[in-house]
Amino acid sequence: MPSLGELVAPRRMGRDFRWLLASSWTSNVGDGVALAAAPLLIASLTSSPLLVASGAILQFLPWLIFGLHAGAIADRFDRRRLVMVANAARAAVLAALCVFLITDTANIGIVLAVAFLYGTAEVFVDTAGSTLLPMIVDRADLGLGNARLQAGYLVANQFAGPPLGAFLFAAGTAWPFLLEVLCVTLAIVLVSRMAHTPVPSRAPDDADSTPRPRVHTDIAEGLRWLWRNPPVRTLVLIILVFNVTWAAPWGVLVLYATEHLHMGAVGYGALTTASAAGGILATLSFGWLERHVSFATLMRVVLSLEVLMHLAFALTTTGWVALVIMFVFGAYAFVWATISTTVRQRLVPAELQGRVASVNMVGVFAGMVIGQALGGVIAQVWGLTAPWWFAFAGAAITLLLVWRPISQIVSAKAQASNEP
């Protein structure tokens, strides 16, 4: 019988994968702690809804500002070292925040500035980190590798981290952030154990007198490649549009749960827990799904479930039904995240992984911004179930448009997987 370590990270995937996995899981523990502690800290310093909302906005604003640049930089330098340097910046920012909290000199301006600086460093960590897996495992193992990384995100970031962060914040405002400093520092040590990763870019080396192109030139090169590659372009557009439709009702989910379903604050928190539980179940079953169901079928099933999920939320008036729907959402959302990342990594050349990944992430956060803005307006005018109807209609139309192109995406992925 194989050991637990062999089941989680098979030996064939190499020691570097185990170091990357350990680093990612450790970092996600710290991020999960901050997921609860950061909003609590902001709320303890101000009662202004605008300032509280600003804290949430600063989580994704750096992606819109620096996302494309982070992708170009990740394609120029040693990605492992870039992850280490950016994580070191995160740890330094958090350490400074802890000093302000311990000395009781923190104010809302300082906390919001820390949130922006931390989010900026996180852009570079996530962009460079997303390119490491294709460099260290075989293409056939990318699905399993992404599933294991996603499992750490679900368990540590979404499931275990937030309750721990809330508990530590109750014990003292600095404790959750001190733990996060420890987690980020340990993540640096773990990823440093990986073998040196070569610079994947076609940029000249230090001995070459030819000047490097400007960063904006590299960004334009990545955008041109993406636009001229129909399968990857379609995949990125699917993610953008479905994030708009998803974010529209999600932006008012707390009001939907407490006022429409009458679940209360505890019930609202239970919805998040149900989603994470569904994702954990999908984690355990992804290997079987990958072996027995084609990626094209999985993608169509997942996107169809997304459409049905919006319809179900629009129609239900019962809290326990919403919990069941959220459990299913967590399961299929995990499968989609793993498949879409795996397909993109198999289709994109090594020297463009950072730039294409950054375009994808900018699309994710841009979709969230647009969707949340639309959802707020729609709910204000037509009621709390209206954003779900908007999401249902938008997702259904999009699914009809991409039903056939999904075959082209998966066909291109299969051809890429067979390349030496």
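Quantities reported herein were computed from a predicted structural model and do not represent experimental measurements.

Let us now look at the overall build of the chain. When you go through the chain residue by residue, the secondary structure sums to 17 helices and 0 strands. Taken over the C-alpha trace, the chain has a radius of gyration of 21 Å; the compact-globule value for 420 residues is 22 Å, and the two agree within 12%. Based on the C-alpha atoms only, the size of the chain along its principal axes is roughly 60 × 55 × 50 Å. Within the chain, the fraction of its 420 residues that count as buried is 51%. A fraction of 86% describes how many contacts in the chain between residues 6 or more apart in sequence connect residues 24 or more apart. Accessible surface computed for the chain: about 18,900 Å², of which carbon and sulfur atoms make up 68%. The positive charge centre, built from 25 side chains, and the negative charge centre, built from 21, are 6 Å apart in the chain.

Our next topic: the side chain of Thr338. For Thr338, the location among the structural elements is in helix α14 (residues 319–347). Polar contacts involving the side chain of Thr338 include one to the main-chain carbonyl oxygen of Phe334, which spans 3.0 Å. Those residues in contact with Thr338 that lie beyond four places of it in its chain are Gly143, Asn146, Ala147, Gln150 and Phe286.

Roughly 320 Å³ of volume is contained in the second largest pocket. Residue lining of the second largest pocket: 11 residues in total, with Val8, Trp25, Ala151, Thr283 and Leu284 positioned closest to the centre. Among the elements of the structure, α1 (4–8), α7 (142–171) and α12 (264–292) are those that each provide at least two residues to the lining of the second largest pocket. Split by residue class, the lining of the second largest pocket holds 8 nonpolar, 2 polar and 1 charged.

In this model, α7 (30 residues) spans 41 Å end to end at C-alpha, consistent with the 44 Å of a helix rising 1.5 Å per residue. The sharpest bend along α7 comes to roughly 50°, located at Gly161, with the proline Pro162 sitting one to four residues further on.

Overall, the coordinates contain 8 salt bridges when judged by the stated rule. Notably, a salt bridge pairs Arg355 with Asp75, separated by 2.7 Å at the nearest N-O pair. Residue Arg355 is located in helix α15 (residues 353–382), and its partner Asp75 is located in the loop between α3 (49–74) and α4 (79–102); the two are separated by 280 residues in the primary sequence. Close ionic contact of Glu122 with Arg90 constitutes a salt bridge, the shortest N to O distance being 3.4 Å.

Turning next to the packing of aromatic side chains. If you walk through the whole model with that rule in mind, you get 12 aromatic pairs. With a centroid separation of 5.5 Å and 10° between ring planes, the pair formed by Trp63 and Phe365 is classed as stacked. Taken together, the positions of Trp63 in helix α3 and Phe365 in helix α15 put the pair 302 residues apart, joining distant regions of the chain. Across the pair, Phe365 and Trp63 agree in class, each one buried. Three or more aromatic residues joined by ring pairs form one cluster here, namely Trp246, Trp250, Tyr256, Phe313, Phe329, Tyr332 and Trp388. Taking the ring centre of Trp227 as reference, the NZ or CZ of Arg233 above it sits at 4.9 Å.

With that settled, the discussion passes to a nonpolar patch on the surface. On the surface, Leu281, Trp320, Val324, Phe327 and Val328 cluster together into a nonpolar patch covering about 480 Å² of accessible area. Here the nonpolar patch gets 4 residues from one element, more than from any other, and that element is α14.

Glancing now at the environment of Val381. If you trace the backbone, Val381 turns up in helix α15. Of the residues examined, Val381 reaches a relative accessible area of 54% and is grouped as exposed. Along the primary structure Val381 and Arg139 are separated by 242 residues, whereas in three dimensions their C-alpha atoms are 48 Å apart.

This part takes up the nonpolar core. Counting residues in each nonpolar core, the largest one holds 83 residues, and the members touching the most others are Trp250 and Phe313. If you tally residues by element for this core, the top one is α14, at 12 residues. In this structure, Trp250 is in contact with Met309, Phe313, Met326, Phe329 and Trp388, ignoring residues within four places of it in sequence. Core analysis: the next-biggest nonpolar cluster, separate from the first, contains 21 residues, Leu97, Ile108, Val111 and Leu112 among them.

It is at 8 Å that the axes of α4 and helix α5 (residues 108–130) come closest, and there the two elements cross at 165°. Classified by the angle their axes make, α4 and α5 are roughly antiparallel. You can see that α4 and α5 cross each other, and the crossing is left-handed. Of the residues in α5, those touching α4 at Arg79, Leu82, Val83, Ala86, Asn87, Ala89, Arg90, Val93, Leu94, Leu97 and Phe100 are Ile110, Val111, Val114, Leu117, Tyr118, Ala121, Glu122, Phe124, Val125, Ala128 and Gly129. For the contact of α4 with α5, a count of residues per class yields 17 nonpolar, 2 polar and 3 charged.

Structurally, the position occupied by Gln345 is in helix α14. Other than its neighbours up to four places away in sequence, Gln345 contacts Ser130, Leu133, Pro134, Leu142, Asn146 and Gln353.

Okay, the environment of Phe66 next. Mapped onto the fold, Phe66 is located in helix α3. In sequence terms Phe66 and Ala276 are 210 residues apart; their C-alpha atoms lie 29 Å from each other. Setting aside residues no more than four positions away along its own chain, Phe66 makes contact with Phe116, Thr120, Val123 and Phe124.

As a packed pair, helix α2 (residues 15–45) and α7 sit with axes 7 Å apart at the nearest point and diverge in direction by 35°. At the point where α2 passes α7, the crossing takes the right-handed sense. Of the residues assigned to the contact of α2 with α7, the class counts are 17 nonpolar, 10 polar and 2 charged.

Conventions we followed
Residues numbered from 1 in each chain as written. Predicted model: local features only at pLDDT ≥ 70, side-chain atom pairs only at ≥ 80, totals over all residues. Heavy atoms only, no water. Helix = DSSP H or I, 4+ residues; strand = E, 2+ residues; numbered from the N terminus. Rg over C-alpha atoms; globule rule 2.2 N^0.38 Å. Buried < 20%, exposed > 50% of the residue type's maximum accessible area, 1.4 Å probe, protein only. Contact = heavy atoms within 4.5 Å. Areas by Shrake-Rupley, 256 points an atom, 1.4 Å probe, with all protein chains shown as cover. Lys, Arg positive; Asp, Glu negative; His and termini not counted. Charge placed at Lys NZ, Arg CZ, Asp CG, Glu CD. Polar contact = N/O pair within 3.5 Å; in protein donor to acceptor, adjacent residues only side chain to side chain. 1 Å grid on protein atoms, 1.4 Å probe; cavity = no way out; pocket = protein on both sides within 12 Å on 5 of 7 lines; lining within 4 Å. Points joined across faces, edges and corners; volume = space filled by probe spheres on them. Nonpolar A, V, L, I, M, F, W, Y, C, P; charged D, E, K, R; others polar. Expected span 1.5 Å × (residues − 1). Bend = angle between axes of the 7 residues up to and from the residue. Salt bridge = Lys/Arg side-chain N within 4 Å of Asp/Glu carboxyl O. Phe/Tyr/Trp six-rings, centres within 6.5 Å; stacked < 30°, edge-to-face > 60°. Lys NZ or Arg CZ within 6 Å of the ring centre and 35° of its normal. Patch = residues over 30% accessible without salt bridge, like charges linked within 9 Å, V, L, I, M, F, W, Y side chains within 5 Å. Core = buried A, V, L, I, M, F, W, Y, C linked by side-chain atoms within 4.5 Å. Axes fitted to C-alpha atoms, helices over the stretch in contact; angles between N-to-C directions. Parallel < 35°, antiparallel > 145°, perpendicular 65-115°, else oblique. Left-handed = near helix turned anticlockwise from the far one by under 90°.

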